[in-house]
Amino acid sequence: VDNEFINARGLYSSKTETKLEATNIMEVNKRIKFSGKIAGDSEARRLVDVLFESTFTDKPEILKDTTRSYVYEKDKRFKSKEFKQEHRCALFKYIINNARKEIYVPAIVQNRTNEYIDKNDDLLNWFNDNYELTTEETDIVKIKEVFDLYKESDEYQALYKKERPNLSRFTEDIRSNKHLRSKYKEKINDNKNKTCMRSVLQGVRQIYNNDNDSDEE
């Protein structure tokens, strides 16, 4: 059930039920870092990362550089107090009169957003550096073994002690990760050894780096 309404603080009215319709927008020169593991499907749908490719400048060496794209001469009028005062409501009025009822997110923006989320998921990045996903049913790794390898990593050592997960929390992080949760099996039968394995990832193979390889002959 979506949280469409919240109860606001009652100050000057007893009518505290408030419908949530806000769209929060941040304009940044550099994308901020956040904890990507908190971005489940519902959070990911609410995050839209739009790239503005244009650069506005008054530097002649940049404006004359024909190898650059989306570079335009800066109009200093737009920075003036008079212009801001006169046009401060123009965009808002245009949106009110012309915007769609639903936010349109093209595929290129959605792909950029997904890449942004994944890059901020430190656990997923570590996992992808050490494991690969396959379609082979015989490729099975135990969560305990993955956790033991993770504890040896620089990523784990860089965490504050209170932030370091135990096996239970690590397992839950894997199970809740949108890229890995479908690979998780609570138990699976090992017909070859006639045993039952618990808490495993199926269709996952560890990547082994051969440190002895050399380009030198």
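Residues numbered from 1 in each chain as written. Predicted model: local features only at pLDDT ≥ 70, side-chain atom pairs only at ≥ 80, totals over all residues. Heavy atoms only, no water.

Colleague: Mind laying out the overall build of the chain, listing which residues take part and the relevant values?
Modeller: Of the regular secondary structure elements, the chain holds nine helices and nine strands. Compactness check: the chain gives a C-alpha radius of gyration of 25 Å against a globular reference of 17 Å for 217 residues, more than 25% above the reference. Overall size of the chain, expressed as C-alpha extent along the three principal axes, is 80 × 70 × 35 Å. Across the 217 residues of the chain, 21% fall into the buried class. Pairs at least 24 apart in sequence give 51% of the contacts found in the chain among residues at least 6 apart. (Helix = DSSP H or I, 4+ residues; strand = E, 2+ residues; numbered from the N terminus. Rg over C-alpha atoms; globule rule 2.2 N^0.38 Å. Buried < 20%, exposed > 50% of the residue type's maximum accessible area, 1.4 Å probe, protein only. Contact = heavy atoms within 4.5 Å.)

Colleague: Describe in detail the pairing of strand S8 (residues 195-202), supporting the description with residues and values.
Modeller: Summarising the sheet, strand S6 (residues 140-142) and S8 pair through three bridges and their orientation is antiparallel. For Ile 140, the partnering residue across the bridge sits in S8 and is Gln 202. Bridge count for strand S7 (residues 184-190) against S8 is six bridges, and the pairing is antiparallel. Counted as the bridge partner of Tyr 184 is Leu 201 from S8. (Pairing = 2+ DSSP bridges.)

Colleague: Can you tell me about the sheet that holds S8, naming the residues and giving the values?
Modeller: Across the sheet, three strands lie side by side as S6-S8-S7; this open sheet has antiparallel pairing. Unpaired on one side and paired on the other, S6 and S7 mark the two borders of the sheet. Taking each pair of neighbouring strands and ignoring which way they run, the sheet shows an average axis angle of 60°. Contacts from helix H7 (residues 143-151) reach S6, S7 and S8 within the one sheet, and its direction differs from that of S6 by about 65°. (Axes fitted to C-alpha atoms, helices over the stretch in contact; angles between N-to-C directions.)

Colleague: Describe the environment of Lys 79, naming the residues involved and giving the relevant values.
Modeller: With respect to the secondary-structure elements, Lys 79 resides in the loop between strand S4 (71-73) and helix H3 (81-87). Taking C-alpha positions, Lys 79 is 59 Å from Lys 142, a pair spaced 63 residues apart along the chain.

Colleague: Quick one: what's the story with the packing of aromatic side chains, residue by residue and with numbers?
Modeller: Enumeration over the complete set of coordinates arrives at eight aromatic pairs. With centroids separated by 5.0 Å and ring planes inclined at 25°, the aromatic side chains of Phe 127 and Tyr 131 adopt a geometry described as stacked. Taking 5.6 Å as the distance between ring centres and 75° as the angle between the ring planes, the aromatic pair formed by Tyr 150 and Tyr 156 counts as edge-to-face. Classification of Tyr 150 as buried rests on a relative accessible area of 7%. Residue Tyr 156 is classed as buried on the basis of its relative accessible area, which comes to 12%. Taken together through their ring pairs, the aromatic side chains of Trp 126, Phe 127, Tyr 131, Phe 147, Tyr 150, Tyr 156 and Phe 170 make up a single cluster. Taking NZ or CZ as reference, Arg 100 lies 5.0 Å from the ring centre of Tyr 104, over its face. (Phe/Tyr/Trp six-rings, centres within 6.5 Å; stacked < 30°, edge-to-face > 60°. Lys NZ or Arg CZ within 6 Å of the ring centre and 35° of its normal.)

Colleague: So what's going on with the environment of Phe 147? Which residues, and what values?
Modeller: As for its position among the elements, Phe 147 is in helix H7. Here Phe 147 falls in the buried class, since its relative accessible area comes to 6%. Between the alpha carbons of Phe 147 and Pro 165 there is a distance of 9.3 Å; along the sequence they are 18 residues apart. Sequence-distant contacts of Phe 147, that is, excluding residues within four places in its chain, are made with Pro 165, Asn 166, Leu 167 and Phe 170.

Colleague: Tell me about the pattern of salt bridges, residues and numbers included.
Modeller: Across all of its chains, the model carries 13 salt bridges by this definition. One salt bridge connects Arg 112 with Asp 49, and the closest N-O pair in it is separated by 3.1 Å. Of this pair, Arg 112 sits in helix H5 (residues 107-119) while Asp 49 sits in the loop between helix H1 (41-45) and strand S3 (55-57), and the two are 63 residues apart along the sequence. In this structure, Lys 74 engages Asp 58 in a salt bridge whose closest nitrogen and oxygen atoms are separated by 3.8 Å. Residue Lys 74 is found in the loop between S4 and H3, and its partner Asp 58 is found in the loop between S3 and helix H2 (60-63); the two are separated by 16 residues along the sequence. Residues joined in a network through salt bridges with shared partners are Arg 31, Asp 49, Arg 112, Glu 115 and Lys 119. (Salt bridge = Lys/Arg side-chain N within 4 Å of Asp/Glu carboxyl O.)

Colleague: Account for the environment of Val 48, with residues named and values stated.
Modeller: One can find Val 48 in the loop between H1 and S3. It is 7.2 Å that separates the C-alpha atoms of Val 48 and Val 109, two residues lying 61 residues apart in sequence.

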